[in-house]
Amino acid sequence: MESIEKIIEEVLSDLKDASTNEKVSEIRVKYLGKKGLISGLMKNMKDIPQEERPVFGSKVNEIRAKAEAAFQEKTNKLKEAALELKLRSEKIDVTLPAKEVQTGAIHPLNQTYYEVRKIFVGMGFEVVDGPEIEYDKYNFEMLNIPKDHPARDMQDTFYIEDDIVVRTHTSPVQIRTMLKHEPPIRVICPGRVYRTDDVDATHSPVFNQVEGLYIDKNVTFSDLKGVLAEFLRRLYGKSTVTKFRPGFFPFTEPSAEVDATCALCGGKGCPACKGAGMIEVLGCGMVNPRVLENCGLDPEVYSGFAFGLGLDRLTNIKYGITDIRHLYENDVRFLKQFR
Ligand code: FA5
């Protein structure tokens, strides 16, 4: 009986030094395995006198239960210790410097477009969209630029087929709008346009325009002047002065080009405006009666004005960007400045 009692002391002492689950398993095999010391005790039963066997048997069972409990307790302790170690290693050190978050920026072209859109929408214009691959008929012919007309040279064109082009301006969207809707029409047409222009500081073969169209009864040149002067004042500031110079576009008559106070130097003269203090910002005019007729509108009843601005140049003037290529190179150092 004494030696049985001793076994449990040995179990406890072995477990005390065990620091891994593997070691605990090893000790378990030593005592509780098939050939372990506690299991082995039962084999001694035959040497025990008959009357003492029940006491011996229950003692062995008691020792086995104690050993099982000791193993369970040790396993639980090891589990807890491992968890604590894990939690300790995952502890957040709030004194560490924070990681820098990389925030993006809205591209300057979009920033300018959103501003332009807000101004015109505020004046009651709607935004309409059109395809970038366009019929020659809409891009040129219905805008009073027939084939072989010298005005075609004003816009160097990418042809896909004889009668299909990549649009050179967003004016064809105005044609599509007049064909579809009855006046009054008040729309702006933003979008990407394409020309076979060589790349330099102010030219890109892909650029962006916002064109506008207003058709109703009794629309006059004063309406055109009022809307565009107000637009430029809202975009560049209240003190902006505008100058309307005669211009030529086959789809408008009369036509004008509009200069505005240089937003960079405020009119004093700087390299951006070549010292003039004013800078050309858009083209415009009263819609040519022939264009109205082409779209099924009676020029005796309706009149209207149209305008077109180059968003890239407008953006460059606004932000003092000296080269249009910066807008397309996606250099993060450049873009970061517009956060
Ligand atoms: C037109 O495209 C006319 N459709 C605008 C218009 C509409 C006039 C309605 C009258 C009535 P223009 O070819 O001038 O016009 O181009 C308009 C603007 O696009 C120019 O003022 C300029 O700012 C811009 N632009 C022209 N070519 C390029 C280019 N290669 N790169 C960047 N911007 C350009």
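Residues numbered from 1 in each chain as written. Predicted model: local features only at pLDDT ≥ 70, side-chain atom pairs only at ≥ 80, totals over all residues. Heavy atoms only, no water.

### Structural notes on the environment of Glu182
To keep things clear, this is the line we draw: Put simply, DSSP H or I for four residues or longer makes a helix, DSSP E for two residues or longer makes a strand, and each gets a number counted from the N terminus. Exposure is judged per residue with a 1.4 Å probe applied to protein chains only, and the accessible area is read against the type maximum: over 50% gives exposed, under 20% gives buried, and values in between give partly exposed.
With respect to the helices, strands and loops of the structure, Glu182 is situated in the loop between α7 (171–180) and β5 (185–194). By relative accessible area, which is 62% here, Glu182 ends up exposed. The spatial distance from the C-alpha of Glu182 to the C-alpha of Asp216 is 9.2 Å, given a sequence separation of 34 residues.

### Some points on the site of the ligand
Note the following rule: A single heavy atom is enough: if one lies within 4 Å of a molecule or strand, its residue is considered near that molecule or strand. By the criterion applied in these results, polar contacts are pairs of N or O atoms within 3.5 Å in which, for protein atoms, one can donate a hydrogen and the other can accept it, and in which residues neighboring in sequence qualify only through two side-chain atoms. Per-residue and other accessible areas follow the Shrake-Rupley method at a 1.4 Å probe size, with only the shown protein chains counted as cover for residues. Lining residues are defined by having an atom within 4 Å of a point belonging to a cavity or pocket. Those points lie on a 1 Å grid over the protein atoms alone, cavities being sets where a 1.4 Å probe fits but cannot get out and pockets being open sets with protein on both sides within 12 Å along at least five of seven lines. Occupancy of a cavity or pocket is assigned to a molecule whenever over half of its atoms lie within 2 Å of that pocket's grid points.
Close to the ligand lie 22 residues, the nearest being His169, Arg195, Asp197, Gln209 and Glu211. Asp197 is positioned such that a nitrogen or oxygen atom in its side chain is 2.7 Å from a nitrogen atom of the ligand. Glu211 has a polar side-chain atom sitting 2.8 Å from a nitrogen atom of the ligand. Protein burial of the ligand: of its 680 Å² of free accessible surface, 92% is covered by the chains. When each cavity is represented as a set of grid points, the ligand is found to reside in the largest pocket. Those elements that place two or more of their residues in the shell around the ligand are β6 (206–216), β9 (278–287) and β10 (303–310). It is β10 that provides the largest number of residues to the shell around the ligand, a total of 4 residues.

### A look at the domain arrangement of the protein chain
We apply this condition: Segment limits for the domains were obtained from an automatic or database-derived domain assignment.
Examined at the domain level, the protein chain breaks down into domain 1 (2–90) and domain 2 (108–338). The gap between the C-alpha centroids of domain 1 and domain 2 is 90 Å.

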